[in-house]
Each structure stands twice: as structure tokens, then as C-alpha cells.
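Coordinate inspection notes
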Amino acid sequence: GDQVEQSPSALSLHEGTGSALRCNFTTTMRAVQWFRKNSRGSLINLFYLASGTKENGRLKSAFDSKERYSTLHIRDAQLEDSGTYFCAAEGTEGADRLTFGKGTQLIIQP
Amino acid sequence: SVLLYQKPNRDICQSGTSLKIQCVADSQVVSMFWYQQFQEQSLMLMATANEGSEATYESGFTKDKFPISRPNLTFSTLTVNNARPGDSSIYFCSSTSSYEQYFGPGTRLTVL
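The structure presented is a predicted model; accordingly, all values stated were derived computationally and were not measured.

Scoring rules and cut-offs
- Residues numbered from 1 in each chain as written.
- Chains lettered and ligands numbered in written order.
- Predicted model: local features only at pLDDT ≥ 70, side-chain atom pairs only at ≥ 80, totals over all residues.
- Heavy atoms only, no water.
- Helix = DSSP H or I, 4+ residues; strand = E, 2+ residues; numbered from the N terminus.
- Buried < 20%, exposed > 50% of the residue type's maximum accessible area, 1.4 Å probe, protein only.
- Disulfide = S-S within 2.5 Å.
- Salt bridge = Lys/Arg side-chain N within 4 Å of Asp/Glu carboxyl O.
- Pairing = 2+ DSSP bridges.
- Polar contact = N/O pair within 3.5 Å; in protein donor to acceptor, adjacent residues only side chain to side chain.
- Contact = heavy atoms within 4.5 Å.
- Core = buried A, V, L, I, M, F, W, Y, C linked by side-chain atoms within 4.5 Å.

The next point concerns the environment of Gln39(B). Residue and element names in this part refer to chain B. Here Gln-39 lies in the loop between strand E4 (31-37) and strand E5 (43-50). Look at Gln-39 and you get exposed, because its relative accessible area is 62%. Along the sequence, Gln-39 and Ile-90 sit 51 residues apart, while their C-alpha atoms lie 7.7 Å from each other.

All names here are of chain A. Per the counting criterion, the structure on display carries two disulfides over all chains. At a sulfur-sulfur separation of 1.9 Å, the disulfide partner of Cys-23 is Cys-87. Because the torsion about its S-S bond is -95 degrees, the bridge between Cys-23 and Cys-87 counts as left-handed. Here Cys-23, found in strand E3 (residues 19-25), pairs with Cys-87, found in strand E9 (residues 83-91); they are 64 residues apart in sequence, far enough to count as distant. Grouping residues by exposure puts Cys-23 and Cys-87 together as buried.

The next point concerns the pattern of salt bridges. If the charged atoms of two oppositely charged side chains come close together, the side chains can form a pair. Residue and element names in this part refer to chain A. Here the structure, examined in full by the defined rule, presents five salt bridges over all chains. One salt bridge connects Glu-90 with Arg-30, and the closest N-O pair in it is separated by 2.9 Å. Separated by 60 residues along the polypeptide, Glu-90 in strand E9 and Arg-30 in strand E4 (residues 29-37) bring together distant segments of the chain. On the accessibility criterion, Glu-90 (8% relative accessible area) is buried. Assessed through its relative accessible area of 38%, Arg-30 is described here as partly exposed.

Right, let's get into the pairing of strand E1 (residues 4-7) of chain A. Residues and elements named next belong to chain A. Burial along E1 is one-sided: the residues Val-4 and Gln-6 are buried and none of Glu-5 and Ser-7 is. Sheet topology places E1 next to E3; four bridges connect them, and they run antiparallel. The residue bridging Glu-5 from the neighbouring strand is Asn-24, located in E3.

Of note, Ser42(A) is situated in the loop between E4 and strand E5 (43-49). Assessed through its relative accessible area of 5%, Ser42(A) is described here as buried. Looking at Ser42(A), its side chain comes within polar contact range of the main-chain nitrogen of Leu45(B), at 2.9 Å. For Ser42(A), the contacting residues outside a window of four places in its chain are Arg36(A), Lys37(A), Tyr35(B), Leu43(B), Met44(B) and Leu45(B).

Our focus in this paragraph is the nonpolar core. Grouped together as the largest cluster of nonpolar side chains are 26 residues, with contacts concentrated most on Leu4(B), Trp34(B), Met46(B), Phe66(B), Ile68(B), Leu78(B) and Tyr91(B). Those residues in contact with Tyr91(B), other than ones at most four positions away along the chain, are Gln6(B), Ile21(B), Tyr35(B), Gln36(B), Met46(B), Phe66(B), Leu78(B), Val80(B), Gly106(B), Thr107(B) and Leu109(B). Counting residues in each nonpolar core, the second largest holds 21 residues, with Leu59(A), Ala77(A), Tyr85(A) and Ile108(A) among its members.

To continue, consider the side chain of Gln37(B). By the element assignment, Gln37(B) lies in strand E4. Look at Gln37(B) and you get buried, because its relative accessible area is 3%. Of note is the side chain of Gln37(B), whose polar atom sits 2.9 Å from the side chain of Gln33(A). Within polar-contact distance, the side chain of Gln37(B) engages the backbone oxygen of Gln41(B) at 2.7 Å. Each residue touching Gln37(B), except ones within four places of it in the same chain, is listed here: Gln33(A), Phe35(A), Asn45(A), Leu98(A), Ser42(B), Leu43(B), Ser89(B), Ile90(B) and Phe92(B).

As far as function goes, none of this settles anything; it's purely spatial.
Below is the structure:
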């Protein structure tokens, strides 16, 4: 089965609200990255975590290798936050090999 | 869903040489995409490859430097020509199916 299970697959929020995206891993991962797809199709790196939490503006991410999950929290959502978000995890074996989640389509409504 | 396999997993080559990276899908996909990632940075879209037509390149990437072949609906090859140390990065192939996007595991290239 999939090593990275990302949820939800789609999420609709009203401006000013918040929520969390989650990736569960079926095996121990060494690190996780979160990306947001831009209009050109490139995946912009939001966070790289080997452990703990990181925060950047209205985004905050956490990674727990032992519990096998990572989250991306969005607060005070803005219209420009709409887009597709991906997590990607590095396994402990086969270094540098990333396994991606299937993505979350986030829609922010006025 | 779509499973994507890449070969090689990693490679080391000398400056001035060329390297081929292969991507194989376990089912037919219309479009394949190639991305480049420098360590812990964004994945930059390099090009989009559809079967039987020339790949479409994004700004900063050219056909001469990164020729891409797409001979059928399950296969694509990215070539790095005249490799330079600045090309050292991870290359990912990707495809879409039913509005979901899938990625290969990546090929780490080191150019000496």
C-alpha cells in the first residue's frame, strides 16, 4: 500500500478560518517536506522538517517520526492560499528517495 | 493511482558528459512532467512531455540542455547534456491521473 497517506484530498475553507492537512506514514520516515503548487506547475517548498515543528507566517508544520505523521496547519486563510498542497517524505532507507502524498486541493472562499 | 519508477536511483558523472534518466509508469498516462530539486528547495517544473510531440519547456530549461523523449504513454527519458556541477540535484518525473498527481522517487545526480 501507499507509504504516504495524505488527507483530506480536498478542503474548502472560508477566509479567516483555519484547518490542518495531515500525512500519515506506514513506515518510519526520516524527514518530511511540504509543498504548494504554483500557477506554473512548480512545487514551492514550504517546509522541510526532520523533527519538531516549524512556523512561517500563517503556516505551521509538525513532524513526528515516531508516531509516523506530519501536519500542515493554515490559520487565517486568505484567498491566495488556494491551491494544491503536497507532503513528501524521505524514508530511512534509500536516502534521498521521496514518497509523495496525493495532494490536497484547498479552496478558500470569500 | 499511478506508480512511477525511475532509473537510476542516483548517479555520479564527470563534467561534460551526458546522463539519461528513465521514468516508467505502471499504466498509461497522457502527460509526464519532469522536475528539478536542489537540496531542500522547491521542485521546479522543467518540462511537460506528451506522447508523440515535442516537450514543452519552462523558462530556464532548454531542449538542447535537457532533451526529453516520450515514445509511448508509459515511458519518458530525460537527458542531461554537457553536465555541469550546477546540474547536481534531484530529478523527479511526475504524471497526473484523475486529477491526482503522482511522483517518481527521484534520481539524485552529482556532477563532478
